[in-house]
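So the chains spell out like this:
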Amino acid sequence: MTAPTPTLTLNNGVAMPILGLGVFQSPPAETTAAVETAIADGYRSIDTAASYDNEREVGEAIRASGIDRGELFITTKLWFSDYGHDEALVGFQGCLRRLGLDYVDLFLLHQPVPTDFDATVAAYKAIEAMLSEGRARAIGVSNFSERHLGNLMERTEVVPAVNQVELHPFFTQRPLREFHAQHGITTEAWSPLGGIHVYRPADPNAVLNALEHPSVTSIAEKHGKTPAQVVLRWHIEHGVVAILKSVKPHRIRENIDVFDFELTADEVAAIDALDTGVRGGPDPETLNMTTYPKTVEN
Ligand code: NDP
């Protein structure tokens, strides 16, 4: 096991580990083992969501880990089939029940729904109440643009602690990171290794794999580290929280072994230069129950 993961401090004073394990697309049958392995290897932050259909398995791993609940940082997310005030309260309860927890450390709205932003705002107001009741230690959002954040902040009380967004060497989100810094919002990267371009490539004949890019592999060779470790270190140098996914024990271990080296400013800049400005995931402007009709059963 490695030393405890360094933390950064969210805008409400809560400490959040800078690295965590995500479980999107981790099959339920493999999720418990992956999370147990991660916790045994020193991970303290786990990221799931109502829509991943594996909150129960995350909860099982937490209970099996033998680690005090207070040492763990558990994030889950409300899916937009539960947007609206009362719906969000039911959705939040569903998350806690499936996880088997009485509070979460971070609760996020999974997506903005630009075509029904009133329901998005109403859901956020409901989770503001969960924050004040201590059932979430911090609240935030995911996949929000500057405009979505601005509209939300105009209509609500609590500035989101976190915005979890697609962010990797090919999509570095610099303007959004600057907006976050101005407003005290922590940037959290999903697909931090650039996995989205590999498992869902825009062009299957021209897969963009950040872990095979010469700029990354040459830095990895210099440090005697792996490409994944270099990319994760790049997030850390930027002060970005990274939530990586793996179900393979050797990779779970590899991915947290990143606290014994640093990148130089030139190395960070070389990876920054890979930005294409093009996201691999869906455009958050376009998501709603018509374009993505998934419903979470509570
Ligand atoms: P990642 O960038 O973490 O890539 C994951 C992929 O990389 C998997 O295929 C994994 O395979 C592979 N991988 C992991 N470690 C290594 C390694 N060391 N070397 C080579 N390959 C490796 O992307 P994800 O899109 O999975 O995102 C991570 C997390 O972010 C999710 O689990 C979820 O928690 C969150 N997320 C949030 C979203 C949102 O809308 N808020 C959207 C998407 C993700 P294997 O498992 O076989 O090791």
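A brief look at the structure comes next. What you are looking at is a predicted structure, and each value in this text was computed from that prediction instead of being measured.

Notes on the site of the ligand
Consideration 1: By nearness alone, 29 residues border the ligand, and Asp47, Leu193, Tyr199, Ser246 and Lys248 come closest of all.
Consideration 2: The contact in question runs from a nitrogen atom of the ligand to an N or O atom on the side chain of Tyr52, over 3.5 Å.
Consideration 3: Of all the secondary-structure elements, those providing two or more residues to the shell around the ligand are α7 (195-199), β10 (241-245) and α10 (249-256).
Consideration 4: In the shell around the ligand, the residues fall into 12 nonpolar, 11 polar and 6 charged.

Let's talk about the pattern of salt bridges
When their charged atoms lie close together, side chains carrying opposite charge are able to pair.
Consideration 1: By the definition in use, this model includes 15 salt bridges.
Consideration 2: Asp105 serves as the salt-bridge partner of Arg69, at 2.9 Å between the closest nitrogen and oxygen. Of this pair, Arg69 sits in the loop between α2 (55-65) and β5 (73-78) while Asp105 sits in strand β6 (residues 104-109), and the two are 36 residues apart along the sequence. Across this residue pair, the class does not change: Arg69 and Asp105 are buried.
Consideration 3: Between Glu237 and Arg233 there is a salt bridge; the shortest N-O distance is 2.9 Å. Pair noted here: Glu237 and Arg233 are both in helix α9 (residues 227-237), with a separation of 4 residues, about one helical turn.
Consideration 4: Residue Glu237 is classed as partly exposed on the basis of its relative accessible area of 30%.

Some details on the nonpolar core
A general tendency of soluble globular proteins is for nonpolar side chains to be buried together.
Consideration 1: Of all hydrophobic cores here, the largest spans 89 residues; its most connected members are Leu10, Leu21, Phe107 and Leu109.
Consideration 2: Ranked by the residues each element gives to this core, the list is headed by helix α4 (residues 117-132), at 8 residues.
Consideration 3: Those residues within four positions of Phe107 in sequence are excluded, and the remaining contacts are Thr76, Lys77, Leu78, Phe92, Cys95, Ile127, Ala136, Ala138, Ile139 and Gly140.

Description of the packing of aromatic side chains
Consideration 1: Summed over the entire model, instances satisfying the criterion amount to 6 aromatic pairs.
Consideration 2: Taking the centre distance of 6.3 Å and the plane angle of 80° together, the rings of Phe80 and Tyr83 count as edge-to-face. Here Phe80 matches Tyr83 in class, with each residue buried.
Consideration 3: Ring centres 6.3 Å apart and planes at 55° place the aromatic pair Phe117 and Phe144 in the tilted group. Of the two residues, Phe117 sits in helix α4 while Phe144 sits in the loop between β7 (136-142) and α5 (146-155), which places them 27 residues apart along the sequence.
Consideration 4: Using a relative accessible area of 12% as the deciding quantity, one classes Phe117 as buried.
Consideration 5: A relative accessible area of 1% places Phe144 in the buried class.
Consideration 6: Ring pairing ties together the aromatic residues Trp79, Phe80, Tyr83 and Tyr292, which thus form one cluster.
Consideration 7: Over the ring of Tyr103 we find Arg69; its NZ or CZ atom is 4.0 Å from the centre of that ring.
Consideration 8: Over the ring of Phe261 we find Arg233, and its NZ or CZ is 6.0 Å from the ring centre.

So, the sheet that holds β10
Consideration 1: An order of β3-β4-β5-β6-β7-β8-β9-β10 is seen for the 8 strands of this closed barrel, with the pairing classed as parallel. Along the sheet, successive strands turn relative to each other by an average axial angle of 30°, direction set aside.
Consideration 2: Of the pairings in the sheet, the one linking β6 to β7 comprises 5 bridges and is parallel in character. Paired with Phe107 across the bridge in β7 is Ile139.
Consideration 3: Strand contacts of helix α3 (residues 85-99): β5, β6 and β7, with the helix running at about 140° to β5, the strand carrying the most contacts.

Reading guide: rules and limits
- Residues numbered from 1 in each chain as written.
- Predicted model: local features only at pLDDT ≥ 70, side-chain atom pairs only at ≥ 80, totals over all residues.
- Heavy atoms only, no water.
- Near = heavy atom within 4 Å.
- Polar contact = N/O pair within 3.5 Å; in protein donor to acceptor, adjacent residues only side chain to side chain.
- Helix = DSSP H or I, 4+ residues; strand = E, 2+ residues; numbered from the N terminus.
- Nonpolar A, V, L, I, M, F, W, Y, C, P; charged D, E, K, R; others polar.
- Salt bridge = Lys/Arg side-chain N within 4 Å of Asp/Glu carboxyl O.
- Buried < 20%, exposed > 50% of the residue type's maximum accessible area, 1.4 Å probe, protein only.
- Core = buried A, V, L, I, M, F, W, Y, C linked by side-chain atoms within 4.5 Å.
- Contact = heavy atoms within 4.5 Å.
- Phe/Tyr/Trp six-rings, centres within 6.5 Å; stacked < 30°, edge-to-face > 60°.
- Lys NZ or Arg CZ within 6 Å of the ring centre and 35° of its normal.
- Pairing = 2+ DSSP bridges.
- Axes fitted to C-alpha atoms, helices over the stretch in contact; angles between N-to-C directions.

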